[in-house]
Amino acid sequence: MHYKEYKSVNYAAIADEILEFWKQNKIFEQSIEVREGSPAFTFYEGPPSANGTPGIHHVMARTIKDIFCRYKTLRGYQVKRKGGWDTHGLPIELQVEKELGITKEDIGVKISVEDYNKQCRETVMRFTDQWNDLTEKMGYWVDLDDPYITYKNEYIESIWYLLKEFYKKGLLYKGYTIQPYSPAAGTGLSSHELNMPGTYKEVKDTSLTAQFKVKKSEKSDFLFEAAKGDNVYILAWTTTPWTLPANSALTVGKGIDYVLVHTFNPYTYLPVNVVLAKVLVNKYLSEKGHEGDFEGFEASDKKIIPWTVLAEFKGSELEGIEYEQLLPYVQPEAAAFRVIIGDFVTTEDGTGVVHTSPTFGADDFRVAQQNGIPPIMIKDETGKDVPIVDKRGRFVKEITDFALDYVKEQYLTDAEKETERQKQGRDKYLSVDERISIKLKTENKAFNVQKFDHPYPHCWRTDKPVLYYPLDSWFIRTTAMKDRLVALNKTINWQPESTGTGRFGNWLENAVDWNLSRSRYWGTPLPIWRSEDGEEVCIGSLEELKNGILHAQKDDALSIEQKQKNAYFLELLAENKEDLHRPFVDEVYLVSTSGKVMQRESDLIDVWFDSGAMPFAQWHYPFENKEIFDNSYPADFISEGVDQTRGWFFTLHAISGMLYDSIAFKNVVSTGLVLDKNGNKMSKRLGNAVNPFETLAQYGADPTRWYMITNAEPWDNLKFNVEGITEVQRKFFGTLTNTYNFFALYANLDNYKMTEFDRVPYERLPEMDRWILSKLNTLVKEVAEQYETYNPTKAGRLVQDFVCDQLSNWYVRLCRRRFWQGEMTENKQAAYETLQHCLVVVSQLMSPIAPFYGDWLYRNMTDCIREEAKAKRTHFLHESVHFTTWHEYDASMVDTDLEESMELAQRISSLVHSLRKIHKIKVRQPLQRVLIPVLSESTREKIRHVEEIIKSEVNIKAVEYLDDDSGILKKKVKPNFKVLGPKYGKDMKEVGNFINSMTGEQLKELEKSGELYTNSALATFSYLKLEDVEILTEDVPGWLVASEGGITVALDMTISEELRNEGIARDFVNRIQNYRKDNGFEVIDKIVISLYNNSEMLVNAIEANKEYICQEVQALSLAIVQDSPQDASQIEMDEFLLIVKVNVVK
RNA sequence: GGGCUUGUAGCUCAGGUGGUUAGAGCGUUACACUGAUAAUGUAAAGGUCCGUGGUUCGAGUCCACGCAGGCCCA
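Residues numbered from 1 in each chain as written. Chains lettered and ligands numbered in written order. Predicted model: local features only at pLDDT ≥ 70, side-chain atom pairs only at ≥ 80, totals over all residues. Heavy atoms only, no water.

- By the naming in an unreviewed UniProt entry, chain A is Isoleucine--tRNA ligase, taken from Emticicia agri.
- The UniProt entry for chain A carries the following comment under Subcellular location (unreviewed entry): "Cytoplasm".
- In its Sequence similarities (unreviewed entry) section, the UniProt record describing chain A reads: "Belongs to the class-I aminoacyl-tRNA synthetase family. IleS type 2 subfamily." (UniProt positions renumbered as here; feature names shortened; annotations may be inferred.)

Right, dumping it as structure tokens:
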């Protein structure tokens, strides 16, 4: 026996078996070794975090990665894939805090930073075992023996190196971002803290609509013209009037409609022309005043303010208009006070114009930066730029009218309020907002002031309002190289393309500087040491740090304690026990060139920098492995979820682009989400998360992977339904396994063993074999194209369709007889060889997606000649399909004519089947002939080619052709719109009607002379050309016909006595075969049959076909007896009752 | 609110550059086959192609505006 036979297969068991084989023989390692010296295909693994358990979506994401690495190996590349772990970051910290029952505030108090980080380090690798287990079980090949781990010193050192490179290029700088800040507590708040319940409280604030006076310029001319040369103001609304001294721009929405309104200021009653959003006019001006009495206003009681619209325009027309500074206490360093466009402007509140102060609003900051608008800032005593409100929440002295006043009333104690009240000389303390309102009212700069209720965030510790306030941060100056990053991105092949051009491209175009700072504990420390007056050094290696310390130790600037701490760090270094995390690096003190003590900036860096640095840091570049790095940069391929667009994809791209003017990856597949079967997001909380281990154990890795890949394109979201996996199991894997088993069963019976030589030469192969080989080669070509363009879904579907429709349902089904009949002939050998070849190639084509099953099939097919192949150094010497090289597409084996012929055979057979069906004539009943109308000689030739196949497939004696000359063909003519369209355009209806109502005579004329005089009223349509129509046959008068897609078939339903007898004989054979089987006869058993003559018709039929029957059922004799035999069996046949005795001949 | 994306049969999905009768698999129903048989084949039923406008002789396909879902950002 050369081929293993399987009664039933369990795909999970196959995976286990193959996995064991892989482990025992180090197949993964070997798959890389066998490609030693071959060109490299580089893959970067986006590191997962092992602090959570893996989910089914990880199976999806990693299958994609695996597919292309395996495919490229088959294509002869060496594909090293180093695994990695992402180990830093907030999720880990939060998890540790939850487990220890502490908050961030407790770190350094209840638990030392050292212990806390120790805890993080342990927690982060907690589920590594589960991850490794999943990796194995799903068949994902990645090197987990030597992964990169982002918390390792070597990794961090490489990051420091990169940061220093940024620093040297002037791309790493200290700036600020607008963050929630509590002046009362003196600390910034995280978004996490801001999301705590009770943070947002309903408060009553002073809201103010200010009038910004427009300057005359080319851009604003149209406003002044409409206002007849008078003053023009832009109205902007704010709930924080204290930010108005920091205003440096006004933001409008580019698509919003604005109007210029002529009216009076409600406080000063001066005539004004104001700009605001069209839909908000009614919020400020009552309908009663519309087109009111301007002339009489001065004399009236001024209760109704008249107004009229002078002009209407889009926000985009306002862009660039300049205005006068509203409260000119502090001057900006560059040109400011312009109208800019922002995407966050709404017309829900206010005026549709947003007062913009870059120091006190996150949106404001961003939009100002994008438009080159400077913030309003002053210099502090050290010369540093600071905002006009200090860290305690008070105006700086430069804001003369309100110097040192708290901007929020709530920051004052009652006693302070009283003192202030006396200073103000009023009976009630007036807040800054109120006093600014009064000032603006009197200066004709306020258009509206009122109290406004709205929710406002409060500090959870002090209960006082939060300010949005600029806080120090370190940045990478992405904006400086934006254009280059955009240009580089255009050279990357994105799959799908829209993620690259749209989501990623747009994001790059609008990118702001990358904020690196995180004020946490467990992460890569920022390697910058800084003195109080701003001297700083960026450390790029351990060596540099060591030298820095040694240098500092000699300096008197350090205290004894500082020197002791430095000494301790040096000691650790000497013993190689250093830890580059906090708190250790924080206790290193350096000395600046001018002799000042420098301490490390306390920030950690964004964990995304960690992962984005992996091309370098995974190899500890440039300190080690320079050569390896050079050979594996940039990556040929990466893949992650589309949610990584602004995460890993961006940081990889930014670091490579900015430091090395290179892309980091050439091809990228961004994958969609895995949802539950109803399209909802999976979550542990909702309990609809699918456990990947259970799924793999129950269904097997191969069907699971196959289902995920072929069901939807990877970038579409996948609605994960296990029923889909069972379908894949049945449909694809079941069919393929059956096909294999069929092969194995007969090959073993025939003692056939694959040979790589002495094959039946191609020229002598039967049509059927040549056809499936042609299909196979076409398949190889198409599958390769799909893999090459990173379309695994289409690749899988192609393989699946080939296996199910062509190989199993057509080739094997129609060739069954060749396998089970007679001795080994050339024809039979050809069948074995052809099927064997198809199966082996399929095993390879499918192996990237279904690596276990592919290998299993390959090994089942080739194990029997392995030793021989090894000895002769031939194709199948490899013990795993994953070592093989891609089956070369052989164009000479592709015969498109033959493929078309066979397709005709399939379609014609299907039509005949359907006719039989309708008329209830079973396939076992032979029919005399089928008529096929053909209009061209080439079609006739193609069908003739496969006549035999059609005849046996549908049990018909003859195929006949009807051509035009027969005269009985009824033809149908249809307009060819594609041709007619350009010619006749809107006269199409008329032309169409003409064609549809053409007579047979006219059609004949058209066919004969190639054109037809139409006698149409349309001048352009006097002649109809042959190319303008499609001619088909649809009917054969007097016959039963079926047609579909241009093919028509007519079936002769006459059942002659001879045909009837044959039908009965075949039915009889069928019953005997069933009997043999039911009674457990062996396939090779010979039998003798005695049939009781209880029907003339039956016996006649059997006598007439006796030879045929005996051959089919392997009967040595078939006797008709006049008495019912003893122990006879009774078998039902359609119209007869068989009383028959069947005995095995021993 | 913005960027990107999806919407076709009960379910999962195909439907180059517009061409009039929109396909496949699963499921359902019926039938056939019975030496691939806990398989297999054939057929039938099943569709306001998310909606509304527009361009066009003609729109599932192109355009605009919506609706619903998703991701990211604010």
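1. Quick notes on the sheet that holds strand 25 (residues 635-641)
- With parallel pairing, the 3 strands of this open sheet are ordered in space as 17-26-25. The open sheet has two edge strands, strand 17 (493-495) and strand 25, and neither has a second partner. Taken pair by pair, the neighbouring strands of this sheet meet at an average axis angle of 15°, ignoring direction.
- For strand 25 and strand 26 (residues 665-671), the ladder comprises 6 bridges, and the chain directions are parallel. By the bridge assignment, Gly-641 is partnered in strand 26 with Thr-671.
- On top of the sheet, helix 15 (residues 497-509) reaches strand 17 and strand 26; it is set at about 100° to strand 17, its chief contact. (Pairing = 2+ DSSP bridges. Helix = DSSP H or I, 4+ residues; strand = E, 2+ residues; numbered from the N terminus. Axes fitted to C-alpha atoms, helices over the stretch in contact; angles between N-to-C directions. Contact = heavy atoms within 4.5 Å.)

2. Details of the domain arrangement of chain A
- Partitioning chain A into domains gives domain 1 (204-377 + 445-457), domain 2 (531-602), domain 3 (721-892), domain 4 (971-1033) and domain 5 (1057-1144).
- Centre-to-centre, using C-alpha coordinates, domain 2 lies 92 Å away from domain 4. (Domains from an automatic or database assignment.)

3. A few points about the sheet that holds strand 40 (residues 1137-1144)
- Sheet architecture is open: 4 strands sit in the order 38-37-40-39, paired in mixed fashion. Two strands in the sheet have a free side with no partner beyond their single neighbour: strand 38 (1115-1121) and strand 39 (1129-1132). Strand-to-strand twist of the sheet, defined as the mean angle between neighbouring strand axes without regard to direction, takes the value 30°.
- The sheet contact formed by strand 37 (residues 1087-1092) and strand 40 spans 5 bridges and is antiparallel. Note that in strand 40 the partner of Val-1088 across the bridge is Asn-1143.
- Each of strand 37, strand 38 and strand 40 is contacted by helix 37 (residues 1096-1104), which is oriented at about 150° to strand 38, the strand it contacts most.
- With respect to the sheet, helix 38 (residues 1106-1113) is in contact with strand 37 and strand 38, its orientation differing from that of strand 38 by roughly 130°.

4. Quick word on the UniProt feature "short sequence motif: 'HIGH' region" (unreviewed entry) in chain A
- The sites that UniProt annotates as "short sequence motif: 'HIGH' region" (unreviewed entry) are residues 48-58.
- Spanning residues 48-58, this segment combines 27% helix with 0% strand, and its end C-alpha atoms are found 9 Å apart.

5. A word on the packing of aromatic side chains
- Under the definition given, this model contains 65 aromatic pairs.
- When the centroid spacing of 4.9 Å and the interplanar angle of 25° are considered together, the rings of Tyr-181 and Tyr-469 count as stacked. Here Tyr-181, found in strand 3 (residues 172-182), pairs with Tyr-469, found in strand 16 (residues 467-476); they are 288 residues apart in sequence, far enough to count as distant. Neither Tyr-181 nor Tyr-469 differs from the other in exposure class; each is buried.
- Summarising the aromatic geometry, the rings of Tyr-707 and Phe-720 are spaced 5.7 Å apart at their centres and angled 75° between planes, so their arrangement reads as edge-to-face. (Phe/Tyr/Trp six-rings, centres within 6.5 Å; stacked < 30°, edge-to-face > 60°. Buried < 20%, exposed > 50% of the residue type's maximum accessible area, 1.4 Å probe, protein only.)

6. Here's the deal with the pattern of salt bridges
- Here the structure, examined in full by the defined rule, presents 64 salt bridges.
- One salt bridge in this structure joins Asp-363 and Arg-366, with 3.1 Å as the shortest N-O distance. With Asp-363 and Arg-366 both in helix 11 (residues 362-371) and 3 residues apart, this pair spans about one turn of that helix.
- According to the relative accessible area criterion, Arg-366 is partly exposed, its value standing at 27%.
- Ionic pairing is found between Lys-439 and Glu-443, a salt bridge with its closest N-O pair at 2.9 Å. (Salt bridge = Lys/Arg side-chain N within 4 Å of Asp/Glu carboxyl O.)

7. Re the nonpolar core
- Core analysis: the largest hydrophobic core is formed by 135 residues, its most contacted members being Tyr-811, Met-846 and Tyr-853.
- Of all hydrophobic cores here, the second largest spans 66 residues; its members include Leu-223, Ala-311, Val-330 and Leu-467. (Core = buried A, V, L, I, M, F, W, Y, C linked by side-chain atoms within 4.5 Å.)

8. Focus: the environment of Phe-584
- With respect to the helices and strands, the residue Phe-584 is situated in the loop between helix 17 (560-574) and strand 22 (590-591).
- Classification of Phe-584 by relative accessible area gives buried; the value is 13%.
- Each C-alpha atom, one on Phe-584 and one on Tyr-568, is 9.4 Å from the other, the two residues being 16 residues apart in sequence.
- Beyond its immediate chain neighbours, meaning those up to four positions away, Phe-584 contacts Glu-114, Phe-569, Leu-572 and Asp-579.

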